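Residue strings, one per chain:
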Amino acid sequence: MLRSKVNVAPTDDVPLKPAWGYRLRRQRHPIGRRGGPRRAPRGYRLPDAERHRLRAAYNLRERQLVRALVTAAGQPGDAAENLAGQLEQRLDALVHRAGFARSVSEARHLVTNNTFTLDGGKVNQPSYLVRPGQIIQVRPEKQCPTPSGVAGGGFPTTETPPYLVVRPEEFTATLTREPRRQEVPDLRDVPLTVRPG
């Protein structure tokens, strides 16, 4: 029986078999870290202050924002307007604007717990992009008639955005058209300078 033997050099701390050395040379990431870091798609960027404000307003991870930015920049028209419309058409953002939740993070929690239907169908993905004409409704078993409930008593005290029609007595909200950047309360003061990078 033949055995391969590796001569240990005086500088080596741990003797390695030849196959191990080959695998270590082939690694693209540090030892002990599986898979290495995941890189976000590149192509367009926002300044740091605007990026932080958008992430805080919509409760997004960095990778989600970069993906939305690349998609918005690839569409025809102004990239900033496309980005604002895409972020505002997310289901969790519309649930918050309709007043069914006090914050976007609470709206995301409610959506993942199957509190809402979209055109009568089940939807539990907060990042789902609602198309104009679709109706968001609170499920009948989740409707709370008392004003202390989140679904029944969280309706906004301020005016609703012009692209959203809310019917509190029916627990529904309808997106009538695509939102514009100046109509979105969180994006009125954000310049949104999209640049390639």
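Keep in mind that what you see is a predicted model, and the values were worked out from it rather than measured.

Caption draft 1: Here's a closer look at the pattern of salt bridges. Inspection of every chain in the model, using the stated rule, returns eleven salt bridges. R177 is paired through a salt bridge with E183; the nearest N and O atoms lie 2.8 Å apart. Members of the salt-bridge network, linked through shared partners, are D48, R51, R55 and E62.

Caption draft 2: Structural view of the nonpolar core. If you look at the biggest cluster of nonpolar residues, it comprises 36 residues, and the most contacted ones within it are L54, Y58, L83, L87, V95, F116 and I136. Ranked by residue count, the leading element in this core is helix α5 (residues 91-98), at five residues.

Caption draft 3: Looking closely at the sheet that holds strand β4 (residues 135-138). The strand order across the open sheet formed by five strands is β3-β2-β4-β6-β5, and the pairing between neighbours is antiparallel. Only two strands of the sheet have a single neighbouring strand rather than two, namely β3 (121-122) and β5 (164-167). For strand β2 (residues 116-118) and β4, the ladder comprises three bridges, and the chain directions are antiparallel. By the bridge assignment for β4, T117 is matched with Q137.

Cut-offs used in this document
- Residues numbered from 1 in each chain as written.
- Predicted model: local features only at pLDDT ≥ 70, side-chain atom pairs only at ≥ 80, totals over all residues.
- Heavy atoms only, no water.
- Salt bridge = Lys/Arg side-chain N within 4 Å of Asp/Glu carboxyl O.
- Core = buried A, V, L, I, M, F, W, Y, C linked by side-chain atoms within 4.5 Å.
- Buried < 20%, exposed > 50% of the residue type's maximum accessible area, 1.4 Å probe, protein only.
- Helix = DSSP H or I, 4+ residues; strand = E, 2+ residues; numbered from the N terminus.
- Pairing = 2+ DSSP bridges.

Note that all results are geometric; they support no functional claim without further evidence.
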